[in-house]
Amino acid sequence: VSSVAFNLAYVGEDLKKTPRLAAVGSYDGSIIVYDPDTGTQRLKLEGPSDVEWISFHPKGGSVLLAGSGDGTLWMFHIPLNRCLQVFVGHEQAVTAGAFS
C-alpha cells in the first residue's frame with residue numbers, strides 16, 4: 001500500500017448519486033476502491049506502473065487522480081470504471097498533486 005484516499009468529505013446526502021468510497025493505491029500499479037462502511041471491494045483500477053499518491057476530486061468525489069513513478073498522472077471516473085485521461089510529460093515520478 002502506497003496511498004489511501006477517502007471521498008467522504010465530498011459526498012452529499014444522496015448516496016445513490018455519489019457513494020462513499022475509500023481508494024487504496026499500491027506500488028504494483030493497482031488501485032482498489034472499497035465501500036468504507038462494509039469493507040467490500042467495489043472495483044479495481046489498473047494503469048499506472050506504480051501508484052505514488054491518489055486524491056479524489058472535491059466536487060462530487062467520483063473522479064480520482066493517481067500519480068505514478070513513471071512520470072504519468074492518471075484520471076479515473078469511478079462510476080464508469082474507466083480512465084478518462086493520462087497526462088504525460090513529467091521527467092520524473094509524480095509524487096504529489098491535488099485538484100484546484
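Attention in this report is confined to the structure presented alongside it. Given the structure is predicted, the values throughout are model-derived calculations rather than measurements.

Scoring rules and cut-offs
- Along each chain, residue indices are assigned from 1 in the same order as the chain's sequence is written.
- The model is predicted, so local features are restricted to residues of pLDDT at least 70 and side-chain atom pairs to those at 80 or more, both for listing and for counting; the totals for chains, interfaces and linings are taken over all residues.
- As a rule here, side-chain values cover all heavy atoms of the structure and leave hydrogens and water aside.
- The pairing criterion is simple: DSSP has to find at least two bridges between the two strands.
- Only DSSP runs of H or I reaching four residues or more are called helices, and only runs of E reaching two or more are called strands; each is numbered from the N terminus.
- Think of each axis as a best-fit line through the C-alpha atoms, taken over the contacting stretch in the case of a helix, with angles from 0 to 180 degrees between the N-to-C directions.
- Surface patches are defined over residues having more than 30% relative accessible area and no salt bridge, joining like charges when they lie within 9 Å and nonpolar side chains (Val, Leu, Ile, Met, Phe, Trp, Tyr) when within 5 Å.
- Methods summary: accessible areas were calculated by the Shrake-Rupley approach with a probe of 1.4 Å, and residue burial reflects only the protein chains presented.
- By salt bridge we mean one thing: a side-chain nitrogen of Lys or Arg within 4 Å of a carboxyl oxygen of Asp or Glu.
- Accessible area is worked out with a 1.4 Å probe on protein chains only. A residue is then buried under 20% of its type maximum, exposed over 50%, and partly exposed in between.
- In what follows, residue pairs with any heavy atoms lying within 4.5 Å of each other are defined as contacts.

### Examining the sheet that holds strand E8 (residues 82-87)
Here is step 1 of the chain: Pairing within the open sheet is antiparallel, and its 4 strands lie in the order E5-E6-E7-E8. Every other strand in the sheet has two partners, leaving strand E5 (53-56) and E8 as the edge strands with one partner each. Neighbouring strand axes in the sheet, compared pairwise and without regard to direction, differ in orientation by 20° on average.

### Some details on a nonpolar patch on the surface
Here is step 1 of the chain: Residues Val1, Val4, Phe6 and Leu8 make up a contiguous nonpolar surface patch of roughly 400 Å² in combined accessible area.
Here is step 2 of the chain: Mapped onto the elements of the fold, Leu8 is located in the loop between strand E1 (3-6) and strand E2 (22-25).

### Considerations on the sheet that holds strand E4 (residues 41-46)
Here is step 1 of the chain: The antiparallel open sheet is built from 4 strands, whose spatial order is E1-E2-E3-E4. The open sheet terminates on both sides in strands that have one partner only, identified here as E1 and E4. Direction aside, the axes of adjacent strands within the sheet are offset by 20° on average.

### Focus on the pairing of E1
Successive side chains on a regular strand alternate, one facing one side of the sheet and the next facing the other.
Here is step 1 of the chain: Burial along E1 is one-sided: Ser3 and Ala5 are buried, and none of Val4 and Phe6, which face the opposite way, are.
Here is step 2 of the chain: Here E1 runs beside E2; their pairing, made up of 4 bridges, is antiparallel. Paired with Phe6 across the strands is Ala22, a residue of E2.

### Considerations on the environment of Leu64
Here is step 1 of the chain: Assignment of secondary structure puts Leu64 in strand E6 (residues 63-67).
Here is step 2 of the chain: Residue classification places Leu64 among the buried residues on the basis of a relative accessible area of 0%.
Here is step 3 of the chain: Aside from chain neighbours lying at most four places away, what touches Leu64 is Ala23, Ile31, Leu45, Ile54, Ser55, Phe56, Trp74, Met75, Phe76 and Ile78.

### Side note on the pattern of salt bridges
Here is step 1 of the chain: In this structure the tally under the stated criterion is 2 salt bridges.
Here is step 2 of the chain: A salt bridge links Asp37 to Arg20, with the shortest nitrogen-to-oxygen separation between them at 2.7 Å. In this pair, Asp37 is assigned in the loop between strand E3 (30-34) and E4 and Arg20 in the loop between E1 and E2, connecting sequence segments 17 residues apart.
Here is step 3 of the chain: Note on Asp37: relative accessible area 51%, which makes it exposed.

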